[in-house]
Amino acid sequence: MTTPYDIQAEVASLSTEELLSRVQVLKKEMNALILAHYYTLPEIQQVADIVGDSLALARAAEKNSADVIVFAGVYFMAETAKIINPGKLVLMPDPGAGCPLADSCPEDEFRAFRAEHPDAIAITYINSTAAIKALSDITCTSSNAEHIIRQIPPEQKIIFGPDRNLGGWLMKKLNREMLLWQGFCYVHDAFSEVYMIQASAMYPSAELIAHPECREEVLRHASFVGSTAALLDYTVKSPSKSFIVATEPGILYEMERRSPGKLFIPAPKDPANPRSVCKQMKQNSLDKLYLAMLNRSPEITVDANLREEALKPIRRMLEMSA
Ligand code: 13P
Ligand code: SF4
């Protein structure tokens with residue numbers, strides 16, 4: 001009899017090429033759609049049907065004819081896909097891949113924060129749990145947050161969370177006060193001004209580009225600030241030949257693929273540790289992805305009542321950013 005342990009051991013011995021080809025076969029058999037965030041490993045991006053930022057992946061989860069969605073990202077992303085598609089089997093290679101930013105906003109504390117400001121609406125970043133979405137009026141991503149907030153009357157008070165850096169950047173850009181939850185992404189928050197200045201001095205012709213989850217002291221040195229997809233698009237269109245990229249370095253795979261002649265330098269966290277990496281995104285290994293498809297597990301589930309409430313702000317986001 002073959003045990004799960006035997007299968008795991010067999011899978012661990014397979015080459016990357018063999019795993020890639022087995023995943024392709026299973027994908028057809030299962031009518032599965034593999035979604036992967038830009039921060040995942042190169043081999044995961046290679047096997048995915050759609051590689052995108054949070055907004056592109058939420059849209060792909062909304063519009064597809066697959067029976068099964070395999071989500072290589074972090075937990076809130078797969079959970080969002082399940083909220084949008086309750087009837088589909090949603091799998092994750094490793095459901096232990098959480099997002100510390102999302103986890104920095106506990107439900108009880110956020111409810112209390114809302115209660116302190118009863119006249120404010122809550123716009124929350126998609127990097128949040130289903131419970132926080134259920135307590136929110138509108139969800140947003142770093143791609144559409146500015147566009148969504150511009151549609152809210154200026155006199156309307158806004159609670160924005162959980163990322164204080166994205167919130168601060170939006171406040172500055174839109175010249176508008178918001179009540180910010182004080183969460184942050186440990187990957188983006190790790191970049192600091194002093195190392196950005198050093199990197200720019202070392203590569204004087206390179207453009208510094210940054211994700212809005214970085215601190216203000218970093219963003220103020222960037223020639224372009226945008227979501228992962230916006231940064232990618234910028235590097236394709238810009239005449240510059242080199243870029244210092246202040247975001248998770250997984251995106252460099254697609255940047256290099258789209259602009260083979262250009263140089264992409266991961267922004268340094270500090271000289272001893274040049275890359276600031278999202279450990280959770282890298283938990284999506286190819287063998288775990290293959291096993292998840294083979295076993296049709298681990299499956300992501302969301303309680304029906306919670307799902308109904310969490311879907312409302314996601315729908316509003318998709319309508320407002322159509
Ligand atoms: P975007 O995908 O919206 O760029 O967000 C980056 C991120 O940190 C995802 O977890
Ligand atoms: Fe969360 Fe930051 Fe990792 Fe994105 S990069 S999943 S925000 S910890």
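It should be emphasised that the depicted structure is a prediction, and the values quoted were computed from it without experimental measurement.

1. Quick look at the packing of helix 2 (residues 16-30) against helix 17 (residues 286-295)
Move 1: Running from N to C, helix 2 and helix 17 point in directions that differ by 30 degrees, and their axes come no closer than 10 Å. As summarised for this structure, helix 2 and helix 17 are arranged roughly parallel, according to the angle between their axes. Crossing geometry of helix 2 relative to helix 17 is assigned as left-handed. Only Leu-286, Asp-287, Leu-289, Tyr-290, Met-293 and Leu-294 of helix 17 make contact with helix 2, whose side of the interface consists of Thr-16, Leu-19, Leu-20, Arg-22, Val-23, Leu-26, Lys-27 and Met-30.
Move 2: Tallied by class, the residues present in the contact of helix 2 with helix 17 amount to 10 nonpolar, one polar and three charged.

2. A closer look at the pairing of strand 5 (residues 120-125)
Move 1: Among the six residues in strand 5, six count as buried, and that is most of the element.
Move 2: Neither face of strand 5 is exposed, since Ala-120, Ala-122 and Thr-124 on one face and Ile-121, Ile-123 and Tyr-125 on the opposite face are all buried.
Move 3: When strand 5 meets strand 7 (residues 157-161), the two strands line up parallel, connected through five bridges. Of the residues in strand 7, the one forming a bridge with Ala-122 is Ile-159.
Move 4: Both strand 5 and strand 6 (residues 138-140) contribute to a ladder of three bridges, which runs parallel. When the bridges of strand 6 are listed, Tyr-125 appears paired with Cys-140.

3. Considerations on the site of ligand 1
Move 1: The immediate surroundings of ligand 1 are formed by 13 residues, with His-37, Ser-54, Ser-142, His-211 and Thr-228 found nearest.
Move 2: One nitrogen or oxygen atom from the side chain of Ser-54 is found 2.9 Å from an oxygen atom belonging to ligand 1.
Move 3: Within the side chain of His-211, a nitrogen or oxygen atom sits 2.9 Å from an oxygen atom of ligand 1.
Move 4: Protein coverage of the free-state accessible area of ligand 1, which is 300 Å², stands at 96%.

4. Quick look at the side chain of Thr-80
Move 1: Within the secondary structure, Thr-80 sits in helix 5 (residues 75-84).
Move 2: Of the residues examined, Thr-80 reaches a relative accessible area of 3% and is grouped as buried.
Move 3: Each residue touching Thr-80, except ones within four places of it in the same chain, is listed here: Ile-126, Lys-133 and Ile-314.

5. Let's talk about the site of ligand 2
Move 1: Taken together, the residues surrounding ligand 2 are Tyr-39, Val-74, Cys-99, Pro-100, Leu-101, Asn-127, Cys-185, Tyr-186, Val-187, Glu-213, Cys-278 and Met-281.
Move 2: At the level of elements, helix 6 (100-103) and helix 11 (186-189) are the ones that each hand at least two residues to the shell around ligand 2.
Move 3: Broken down by class, the residue content of the shell around ligand 2 amounts to 10 nonpolar, one polar and one charged.

6. Things to note about helix 4 (residues 54-62)
Move 1: Among the residues of helix 4, Ser-54, Leu-55, Leu-57, Ala-58, Ala-60 and Ala-61 are the ones counted as buried.
Move 2: Considering only its buried residues, helix 4 is in contact with strand 1 (32-37), strand 2 (50-52), strand 3 (68-72), helix 5 and helix 18 (304-320).

7. Quick look at the sheet that holds strand 4 (residues 89-91)
Move 1: With respect to topology, four strands assemble into an open sheet ordered 2-1-3-4, the strand pairing being parallel. Each of the sheet's edge strands pairs with one partner strand only, and the pair in question is strand 2 and strand 4. Ignoring which end each strand starts from, the neighbouring axes of this sheet average 20 degrees apart.
Move 2: By the bridge criterion, three bridges tie strand 1 to strand 2 in an arrangement that is parallel. Residue pairing in the sheet places His-37 in a bridge with Gly-52 of strand 2.
Move 3: Running at roughly 125 degrees to strand 1, helix 2 makes contact with strand 1, strand 3 and strand 4 of the sheet.

8. Notes on the packing of aromatic side chains
Move 1: This structure, assessed with the given rule, holds five aromatic pairs.
Move 2: Here the aromatic rings of Phe-110 and Trp-181 are separated by 5.8 Å at their centres, their planes lie at 65 degrees, and the arrangement is edge-to-face. Linking Phe-110 in helix 7 (residues 107-116) with Trp-181 in the loop between strand 8 (179-180) and helix 11, this pair joins segments that are 71 residues apart in sequence. One exposure class covers both Phe-110 and Trp-181, and it is buried.
Move 3: Relative to Tyr-234, the ring of Phe-224 has its centre 4.3 Å away and its plane inclined at 5 degrees; by these criteria the two rings are stacked. Remark: Tyr-234 occurs in helix 14 (residues 228-237) and Phe-224 occurs in strand 10 (residues 224-225); sequence separation between them is 10 residues.
Move 4: Overall, Phe-224 belongs to the partly exposed group, its relative accessible area being 24%.
Move 5: With a relative accessible area of 22%, Tyr-234 lands in the partly exposed category.
Move 6: Through pairs of rings, three or more aromatic residues link up here, namely Phe-110, Phe-113 and Trp-181.

Rules and cut-offs
- Residues numbered from 1 in each chain as written.
- Chains lettered and ligands numbered in written order.
- Predicted model: local features only at pLDDT ≥ 70, side-chain atom pairs only at ≥ 80, totals over all residues.
- Heavy atoms only, no water.
- Axes fitted to C-alpha atoms, helices over the stretch in contact; angles between N-to-C directions.
- Helix = DSSP H or I, 4+ residues; strand = E, 2+ residues; numbered from the N terminus.
- Parallel < 35°, antiparallel > 145°, perpendicular 65-115°, else oblique.
- Left-handed = near helix turned anticlockwise from the far one by under 90°.
- Contact = heavy atoms within 4.5 Å.
- Nonpolar A, V, L, I, M, F, W, Y, C, P; charged D, E, K, R; others polar.
- Buried < 20%, exposed > 50% of the residue type's maximum accessible area, 1.4 Å probe, protein only.
- Pairing = 2+ DSSP bridges.
- Near = heavy atom within 4 Å.
- Polar contact = N/O pair within 3.5 Å; in protein donor to acceptor, adjacent residues only side chain to side chain.
- Areas by Shrake-Rupley, 256 points an atom, 1.4 Å probe, with all protein chains shown as cover.
- Phe/Tyr/Trp six-rings, centres within 6.5 Å; stacked < 30°, edge-to-face > 60°.

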